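A closer look at the structure
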Amino acid sequence: MTTQTLPPPEVYQGQFGEFTITQSDRTGVIIYRAGLMVTALSFAIGSTLVLFNNNPAILTTLTPLYTCFSLALGVSLFTIHIYMVSLHRILQIFWAIGTIASVILAISSTEPLALTVYNQPLTLFGVGFIFVALTGIYFKEAFCFNRLETKVLTLIVPLLLLGHLVGILPIQGESVLLGIWATLFLVFALRKTVQAIPADIGDKSVFTYLKEQRLAKV
């Protein structure tokens, strides 16, 4: 009877030394991408209902979809690999602020959450933080992987939200931007599923170096 041995992990050469990618690293990337996919699907379904269904009853359906969207985005934000710890924490804080604001609005308002936010644009000063966090992911992906869809999303999201906040966009313009957002978000999430996992992990030697630098300052 022969015993099989696992091959040694591949050694990568990073900017500040060699590193290996563990199964835990790979699992984290899979969770990050799964969170993005759930977030994108929830957003796409909600956007489709808004754009192609005139039945006011669907507005109540948007709240559980938004809940799923928020929770999945939170999972991705806690498993994403970002070299700058401060930026990573800021995005997580923005997500938390937006989520808490959304919960407060949902509980305190007699209208469906989506209708409240749409009719009261100033609520975006709270709820909008969750989309700022999402835009942070788009920006990170555009910067690291030069993806066209994330470059466009990085511009479209603030344009739509700020345009609605100050009331300068016509309803048709908002609908077009929302449709583009939902479509490109799905494209982004789908393309992530076929991307090599090590790419999302990045150069672990940089993480180690930055951590040592932080500890040296303590």
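Just above sits the structure.
As a starting point, this report considers the structure included with it.

Cut-off values and rules
- Residues numbered from 1 in each chain as written.
- Predicted model: local features only at pLDDT ≥ 70, side-chain atom pairs only at ≥ 80, totals over all residues.
- Heavy atoms only, no water.
- 1 Å grid on protein atoms, 1.4 Å probe; cavity = no way out; pocket = protein on both sides within 12 Å on 5 of 7 lines; lining within 4 Å.
- Points joined across faces, edges and corners; volume = space filled by probe spheres on them.
- Helix = DSSP H or I, 4+ residues; strand = E, 2+ residues; numbered from the N terminus.
- Nonpolar A, V, L, I, M, F, W, Y, C, P; charged D, E, K, R; others polar.
- Phe/Tyr/Trp six-rings, centres within 6.5 Å; stacked < 30°, edge-to-face > 60°.
- Buried < 20%, exposed > 50% of the residue type's maximum accessible area, 1.4 Å probe, protein only.
- Core = buried A, V, L, I, M, F, W, Y, C linked by side-chain atoms within 4.5 Å.
- Contact = heavy atoms within 4.5 Å.
- Axes fitted to C-alpha atoms, helices over the stretch in contact; angles between N-to-C directions.
- Parallel < 35°, antiparallel > 145°, perpendicular 65-115°, else oblique.
- Left-handed = near helix turned anticlockwise from the far one by under 90°.
- Patch = residues over 30% accessible without salt bridge, like charges linked within 9 Å, V, L, I, M, F, W, Y side chains within 5 Å.
- Areas by Shrake-Rupley, 256 points an atom, 1.4 Å probe, with all protein chains shown as cover.
- Salt bridge = Lys/Arg side-chain N within 4 Å of Asp/Glu carboxyl O.

**Examining the layout of surface pockets**
Volume-wise, the largest pocket comes out at about 990 Å³. Lining the largest pocket are 34 residues, and of these Val50, Leu62, Ala114, Tyr118 and Leu178 lie nearest its centre. For the lining of the largest pocket, the secondary-structure elements that each account for two or more residues are α1 (23-52), α2 (58-79), α4 (113-119), α5 (124-145), α6 (148-166) and α7 (171-193). Its residues assigned to classes, the lining of the largest pocket shows 24 nonpolar, 9 polar and 1 charged. Considering only enclosed or pocket space, the second largest pocket measures out at about 390 Å³ in volume. The element that contributes the greatest number of residues to the lining of the second largest pocket is α5, accounting for 7 residues. In terms of residue class, the lining of the second largest pocket is built from 12 nonpolar, 4 polar and 2 charged.

**Let's talk about the packing of aromatic side chains**
Each aromatic ring pair is summarised here by two numbers: the centre-to-centre distance and the angle between the ring planes. Taken as a whole and assessed by the stated rule, the structure comprises 12 aromatic pairs. Judged by centre distance (6.4 Å) and plane angle (55 degrees), the ring pair of Phe43 and Phe185 falls under tilted. Separated by 142 residues along the polypeptide, Phe43 in helix α1 and Phe185 in helix α7 bring together distant segments of the chain. When its relative accessible area of 0% is taken as the criterion, Phe185 is described as buried. For the ring pair Phe131 and Trp181, a centre distance of 5.6 Å and an interplane angle of 75 degrees mean the geometry is edge-to-face. Taken as a pair, Phe131 in helix α5 and Trp181 in helix α7 lie far apart in primary sequence, 50 residues in all. Phe131 gets classed as buried once you look at its relative accessible area, which sits at 11%. Within the aromatic cluster, the residues linked to one another by ring pairs are Phe43, Tyr66, Phe69, Phe131, Tyr138, Trp181, Phe185 and Phe188.

**Quick word on the side chain of Glu141**
Here Glu141 lies in helix α5. Overall, the relative accessible area of 0% leaves Glu141 in the buried class.

**Concerning the nonpolar core**
Residues Phe69, Phe131, Trp181 and Phe185 are the most contacted members of the largest nonpolar core, which totals 38 residues. The set of elements that each furnish at least two residues to this core consists of α1, α2, α3 (85-108), α4, α5, α6 and α7. With residues up to four places along the chain from it excluded, the contact list for Phe131 reads Phe43, Tyr66, Phe69, Val157, Leu161 and Trp181.

**Quick notes on unusual backbone geometry**
The phi dihedral of Asn146 falls on the positive side, at around 55 degrees, and the residue is not glycine. The class of Asn146 is exposed, set by a relative accessible area of 53%.

**Details of the packing of α2 against α5**
Between α2 and α5, the shortest axis-to-axis distance is 11 Å and the interhelical angle comes to 45 degrees. Taken together, the axes of α2 and α5 are oblique relative to one another. As α2 packs across α5, the resulting crossing turns out to be left-handed. Residues Tyr66, Phe69, Ser70, Leu73 and Leu77 of α2 touch α5, and the partners they reach there are Val127, Ile130, Phe131, Ala133, Leu134 and Ile137. Its residues placed into classes, the contact of α2 with α5 shows 10 nonpolar, 1 polar and no charged.

**Quick notes on the packing of α3 against α5**
Look at α3 against α5: their axes get within 6 Å of each other, and the N-to-C directions meet at 145 degrees. The chirality of how α3 crosses α5 is left-handed. Contacts between α3 and α5 involve Leu91, Phe94, Trp95, Ile97, Gly98, Thr99, Ala101, Ser102 and Leu105 from the first element and Gly126, Val127, Phe129, Ile130, Val132, Ala133 and Gly136 from the second.

**What about a nonpolar patch on the surface?**
A cluster of nonpolar side chains, Tyr83, Met84 and Leu87, forms an exposed patch at the surface whose accessible area comes to about 270 Å². Along the chain, Met84 turns up in the loop between α2 and α3.

**Details of the pattern of salt bridges**
Taken as a whole and judged by the stated rule, the model has 5 salt bridges. For the salt bridge of Arg191 with Glu149, the shortest nitrogen-to-oxygen distance reads 2.9 Å. Of this pair, Arg191 sits in helix α7 while Glu149 sits in helix α6, and the two are 42 residues apart along the sequence. Within the structure, one salt-bridge network assembled from shared partners comprises Arg33, Lys140, Glu141, Lys192 and Asp200.

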